[in-house]
Amino acid sequence: MKKNEEVQAAAQKALEANKKNKQGRQFVLWMLALVVGAALGWLGIKPLNELFTFIATVFTRLFQFIAVPTIALAVITTLAQLGGKKETGRIFAHAVTYTLLTTICAAGIGLMMYLWIAPGNLPAEIIGAGTANVPQKLGHLTYYDHILSVIPNNLLQPFLSGNVLAVMMIAAAFGLGLAFMPKTENRDILMKGIMGFQELLFTLIRALLFILPVGILAFAAQLSAQIEAGVIVGALGKYTAVIIGSNVIQFFIVIPVFLLARGLNPLQVFRKMSPAIAVALFTKSSAGTLPVTLASAEHNMKANPAVSRFVLPICTTINMNGCAAFILVTSLFVMQNAGYEMSMPTMITWLFVAVLAAIGNAGVPMGCYFLTLSLMSGIGAPIGIMGVILPIYTIIDMIETAENVWSDSAVCAMTDHDLKGKIPEPSDGEVAGA
């Protein structure tokens, strides 16, 4: 008996070592694709760049295709299984607490960087010229319009338009409905169908991860070509330094400190979640990256699916560290140029406005930009500055999204660590596709 146990333990150890080696080779392959893609894009070969643009567009569409149903099914199945149990409240409380703490820190760092670097005002003629670049329809939106756009008025439209927050509301309603409805045969059949659909989606996600190095190579080449051609330039020096500096501090210092405080190794968490962070960097969509984030959390980080499938979809829509810093810094910059009195109480007020706005923002490309535009339009600030910012927003959006997904990963890791042994692992039938 003892010999059999030793054999089983040795086999398990060998299996874990094999998995670690596989993850290491995978990480090296992704990094290699990143470097090779950047080098090829920098060469400026037009036919090659056109091919990379095509491949990058294909991958972006594939992520968009699978992201919305993944979000919906993850929320529905988790709430259906945990909705009537105390575990749901515990997971939600941990996720929201860490989200608020990290988001407030991100906005606070943005404010400190703004006060330290102190970007000056732009010439009036540059602001006037920038007005032409602002999307006209969005220039007249108010924050109330933004809130109304989240409330669904039919079942299909949010899925067709990719309205992530509206999809989350529908999924939460369906999940809680399944949790509290009578345990009938019809409910069991419906749950089996939903679980089967989720299993299919996770199979597609694994296939997408297998060919992901090709996508990373194309994304890296596309970005490198844009930089080489001068599309992305630091036209607003100090303002850009504030935004990027804030994100770098949050990414490399604040989030690792949170992880260390909970007894987690930031380097290990980062390595295991690096596929999701790399995809976020290039797709500029935390919602679009969610399939890869879920797969990385469950396969690499070994997070409890009951935690990951509840925390990560929620974090995709409410945990926006990079967005909070962008909204605050950009709002202060626009108001300063408009001649608003920039007292400390005003700045602190806008810090909390930025945090709340970031929580209500959708994890889609340029979501922070359009939300900030709505806020500034609502208070009558000169939105021409938003047009001046627009050309450099691509690089800002990439950094912000990578930071958002890194923060989502950290919140998931901390919540899973805190509740280890307190939340039961789902059964094989419940963890469809894991």
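Parameters at a glance
Residue numbers run consecutively from 1 along every chain, following the written order of its sequence. The predicted origin of the model limits local features to residues at a pLDDT of at least 70 and limits the giving and counting of side-chain atom pairs to 80 or more, whereas totals for whole chains, interfaces and linings rest on all residues. Side-chain numbers here rest on the full set of heavy atoms in the structure, without hydrogens or water. UniProt positions are given in the numbering used here, feature names are shortened, and annotations may be inferred rather than shown by experiment. Only DSSP runs of H or I with at least four residues qualify as helices, and only runs of E with at least two residues qualify as strands; both kinds are numbered from the N terminus onward. In a helix, the anticipated span is given by 1.5 Å times the number of residues less one. Throughout this description, buried means an accessible area under 20% of the type-specific maximum (1.4 Å probe, protein chains only), exposed means over 50%, and partly exposed covers the range between. The reported arc concerns the directions from the helix axis to the C-beta atoms and nothing else. Salt bridges are defined by distance alone: a side-chain nitrogen of Lys or Arg within 4 Å of a carboxyl oxygen of Asp or Glu. The disulfide definition used here is simple: a pair of cysteine sulfur atoms within 2.5 Å. Note on geometry: axes are C-alpha line fits, over the in-contact stretch for helices, and angles between N-to-C directions span 0 to 180 degrees. The cut-offs work like this: below 35 degrees is roughly parallel, past 145 is roughly antiparallel, 65 to 115 is roughly perpendicular, and the gaps in between are oblique. A clockwise turn of the near helix away from the far one marks a right-handed crossing, whereas an anticlockwise turn of less than a right angle marks a left-handed crossing. Contacts are assigned to residue pairs that have any heavy atoms within 4.5 Å of one another. We call Asp, Glu, Lys and Arg charged. Ala, Val, Leu, Ile, Met, Phe, Trp, Tyr, Cys and Pro are nonpolar, and the rest, Gly among them, are polar. A score from 0 to 100, pLDDT tells how confident the predictor is in each residue.

The name given to the protein in an unreviewed UniProt entry is Dicarboxylate/amino acid:cation symporter, with Dialister succinatiphilus YIT 11850 as the source organism. As its UniProt record puts it under Subcellular location (unreviewed entry), the protein is described as follows: "Membrane".

Draft legend 1. The arrangement of helix 15 (residues 344–359) in detail. Here helix 15 is 16 residues long and its end C-alpha atoms lie 23 Å apart, about the 22 Å a rise of 1.5 Å per residue gives. Three or more residues of helix 15 are buried, namely Met 347, Trp 350, Leu 351, Ala 354, Val 355, Ala 357 and Ala 358. Projection of helix 15 onto a plane perpendicular to its axis shows the buried side chains occupying an angular sector of 165°, all on one side. Away from its buried face by more than 90 degrees, helix 15 exposes Pro 345 and Leu 356.

Draft legend 2. Seen up close, the pattern of salt bridges. Taken as a whole, this structure holds three salt bridges when the rule is applied. In this structure, Asp 418 and Arg 262 form a salt bridge, with 3.0 Å as the shortest nitrogen-oxygen distance. Highlighted residues: Asp 418 in helix 18 (residues 393–418) and Arg 262 in the loop between helix 10 (237–261) and helix 11 (266–283), separated in sequence by 156 residues. Among the residues examined, Arg 262 registers a relative accessible area of 33% and is labelled partly exposed. Between Arg 309 and Glu 298 there is a salt bridge, with its nearest N and O atoms 2.9 Å apart. One end of the pair, Arg 309, is in helix 13 (residues 305–318); the other, Glu 298, is in helix 12 (residues 286–300), and eleven residues separate them in sequence. By relative accessible area, Arg 309 is classed as buried at 3%.

Draft legend 3. Fine view of the state of the cysteines. By the definition in use, this model includes one disulfide. Cys 323 shares a disulfide with Cys 368; S-S distance 2.2 Å. Pair noted here: Cys 323 is in helix 14 (residues 321–337) and Cys 368 is in helix 16 (residues 367–378), with a separation of 45 residues, a long-range link. Considered together, Cys 323 and Cys 368 belong to a single accessibility category, that of buried residues.

Draft legend 4. Main features of the packing of helix 10 against helix 14. With their axes 10 Å apart at the nearest point, helix 10 and helix 14 run at an angle of 155° to one another. Compared by their axis directions, helix 10 and helix 14 come out roughly antiparallel. Seen along the crossing, helix 10 lies across helix 14 with a hand that is right-handed. Counted together, Tyr 239, Val 242, Ile 243, Ser 246, Asn 247, Gln 250 and Ile 255 of helix 10 and Asn 321, Gly 322, Ala 325, Phe 326, Val 329, Thr 330 and Phe 333 of helix 14 form the full contact between these two elements. Across the contact of helix 10 with helix 14, the residue classes break down as eight nonpolar, six polar and no charged.

Draft legend 5. Expanded view of the confidence of the model for the protein. When pLDDT is averaged along the protein, the result is 79; 78% of the residues meet or exceed 70. Confidence scores differ between elements of the protein, with helix 4 (residues 124–130) showing the lowest mean pLDDT of 53 and helix 10 the highest of 93. Within the model, the stretch residues 230–235 combines pLDDT values under 50 with nine contacts to residues more than four positions away or in other chains. Long-range and interchain partners of residues 428–434, a stretch whose pLDDT sits below 50, account for 18 contacts in this model, where long-range means more than four residues apart.

Draft legend 6. Quick peek at the packing of helix 12 against helix 13. Their axes nearest at 10 Å, the elements helix 12 and helix 13 cross at an angle of 160°. It follows that helix 12 is roughly antiparallel to helix 13 by the angle criterion. In this structure, helix 12 crosses over helix 13, and the sense of that crossing is right-handed. Residues Ser 286, Ala 287, Leu 290, Thr 293, Leu 294, Ala 297 and Glu 298 of helix 12 form the contact with helix 13, whose participating residues are Pro 305, Ser 308, Arg 309, Leu 312, Pro 313 and Thr 316. The residue makeup of the contact of helix 12 with helix 13, split by class, is seven nonpolar, four polar and two charged.

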